[in-house]
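Commentary on secondary and tertiary structure
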Amino acid sequence: GAVVSQHPSWVICKSGTSVKIECRSLDFQATTMFWYRQFPKQSLMLMATSNEGSKATYEQGVEKDKFLINHASLTLSTLTVTSAHPEDSSFYICSARPPLAGVDEQFFGPGTRLTVL
Amino acid sequence: KQEVTQIPAALSVPEGENLVLNCSFTDSAIYNLQWFRQDPGKGLTSLLLIQSSQREQTSGRLNASLDKSSGRSTLYIAASQPGDSATYLCAVKGGETSGSRLTFGEGTQLTVNP
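In this report, we go over the structure that sits alongside the text. (Residues numbered from 1 in each chain as written. Chains lettered and ligands numbered in written order. Predicted model: local features only at pLDDT ≥ 70, side-chain atom pairs only at ≥ 80, totals over all residues. Heavy atoms only, no water.)

**Considerations on the interface of chain B and chain A**
Which entries qualify depends on this criterion: Residue contacts are counted whenever heavy atoms from the two residues lie within 4.5 Å of one another. A simple way to read buried area is as the amount of 1.4 Å-probe accessible surface that goes missing from two parts once joined, with both sides added. One side-chain nitrogen of Lys or Arg within 4 Å of one carboxyl oxygen of Asp or Glu is enough to make a salt bridge.
Listed per partner, the contact involves 20 residues of chain B and 17 residues of chain A. Taking both sides of the interface into account, the surface hidden between chain B and chain A amounts to around 1,500 Å²; carbon and sulfur atoms contribute 46%. Viewed at the interface, chain A and chain B are joined by one salt bridge. Between Arg101(B) and Glu59(A) there is a salt bridge, with the nearest N and O atoms lying 2.7 Å from each other.

**Overview of the sheet that holds strand 1 (residues 4–7) of chain A**
Residue and element names in this part refer to chain A. Threshold: At least two bridges found by DSSP between two strands is the condition for calling them paired. For helices the rule is a DSSP run of H or I covering at least 4 residues; for strands it is a run of E covering at least 2, with both sets numbered from the N terminus onward. To get an axis, a line is fitted to the C-alpha atoms, and for a helix only the part in contact is used. The angle between two axes follows their N-to-C directions and goes from 0 to 180 degrees.
In spatial order, the strands read 1-3-8-7; together these four strands make up an open sheet with antiparallel pairing. Pairing within the sheet leaves two strands with one partner each, and these edge strands are strand 1 and strand 7 (67–73). Going from strand to strand, the sheet's axes swing by 15° on average, the running direction of each strand aside. Pairing of strand 1 with strand 3 (residues 19–25) involves four bridges; the strand directions are antiparallel. Across the sheet, histidine 7 pairs through a bridge with glutamate 22, a residue of strand 3.

**What to know about the pairing of strand 11 (residues 112–116) of chain A**
Residue and element names in this part refer to chain A. Here is the rule: Only protein chains enter the accessibility calculation, which uses a 1.4 Å probe. A residue is then buried if its area is under 20% of the maximum for its type, exposed if over 50%, and partly exposed in between.
Side chains Thr112, Leu114 and Val116 of strand 11 all project onto a buried face; the interleaved residues Arg113 and Thr115 project onto a face where none is buried. Two elements, strand 2 (residues 10–13) and strand 11, share four bridges in a ladder whose sense is parallel. Residue pairing across strands places valine 11 opposite leucine 114, the latter belonging to strand 11. In this sheet, strand 11 lies alongside strand 9 (residues 90–97) in antiparallel orientation, the contact comprising three bridges. Pairing of serine 90 across the sheet is with leucine 114, part of strand 11.

**Comments concerning the sheet that holds strand 1 (residues 4–7) of chain B**
Residues and elements named next belong to chain B. Spatially, 1-3-8-7-6 is the arrangement adopted by the five strands of the open sheet, whose pairing is antiparallel. Only two strands of the sheet have a single partner each, and these edge strands are strand 1 and strand 6 (56–59). Neighbour to neighbour, the strand axes of the sheet diverge by 15° on average, direction disregarded. In the sheet, strand 6 pairs with strand 7 (residues 62–67) via four bridges, with the strands oriented antiparallel. Bridge pairing links glutamate 56 to serine 65 in strand 7.

**Some words on the state of the cysteines**
Definition in use: What counts as a disulfide here is a pair of cysteine sulfur atoms lying within 2.5 Å.
Going through the model one piece at a time under the given rule, you end up with two disulfides over all chains. Covalent S-S linkage joins Cys23(B) and Cys90(B), the inter-sulfur distance amounting to 2.0 Å. Looking along the S-S bond of the Cys23(B)-Cys90(B) disulfide, the torsion reads about -60°, which is the left-handed sense. Within this pair, whereas Cys23(B) is found in strand 3 (residues 19–25), its partner Cys90(B) is found in strand 9 (residues 86–94), the two being separated by 67 residues in sequence. A relative accessible area of 3% places Cys23(B) in the buried class. The thiol of Cys13(A) is not disulfide-bonded; the next cysteine sulfur, from Cys94(A), is found 18 Å away. Of the residues examined, Cys13(A) reaches a relative accessible area of 9% and is grouped as buried.

**Considering the packing of aromatic side chains**
Any aromatic ring pair is given by two values, namely how distant the centres are and how the planes are angled relative to each other. Residues and elements named next belong to chain B. For the record, the criterion: Working definition: rings of Phe, Tyr and Trp (its six-membered ring) pair if their centres are within 6.5 Å, and the pair is stacked with planes under 30 degrees apart, edge-to-face with planes over 60 apart, and tilted otherwise.
By the definition in use, this model includes seven aromatic pairs over all chains. Each ring, one from phenylalanine 36 and one from phenylalanine 104, has its centre 5.7 Å from the other, and the planes form 35°; the classification is tilted. Placement of the pair is phenylalanine 36 in strand 4 (residues 30–38) and phenylalanine 104 in strand 10 (residues 102–104), with a sequence separation of 68 residues. The same class applies to phenylalanine 36 as to phenylalanine 104, namely buried.

So, in structure tokens, the structure goes:
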């Protein structure tokens, strides 16, 4: 159980376009999902916390107008990178936490590799 | 601000060797600590989660210990195999100013040579 999927697994786009990445919890409902980005040879950096039915909470330094997060249902959160530029190229990983008492663990998706040309 | 450091950054060992990966964190007010494995270009696989009230967790050939007061954790891998080659990430949840966020270390890249 506790499987999280992401789609697409990789995407290449032209500079200036927008890209949407989906994160789904397949076998549990997640009121909270998290979005991370990871640059090569570096660790994961939390970008934002996504709460179902409310606005996302962004970490300091993350532009909320550039990285749009929508948590429309208990099993789906989306991250849209607007007007993407080459510096946005990165590995984006989401995670989800089941809203169960005693379960304090995040389960991670397989990641999405974004390359902006 | 919580900071997590992992030592060494990279490790290469022959197959069969026992090894220890180290993780330290600056703020001991944590809820839990988790060890993950990441294969190249892939997501994270959770290996072990230690609650702040626990001192160790074991799963198969893996044993993780936690010394919360000194801000340290170790991941012990027994009888290493080539399939253990991956990057191992340590992450802590919590800290005075980190709330419920997970803060990750930069990882230890492990290579087990046949």
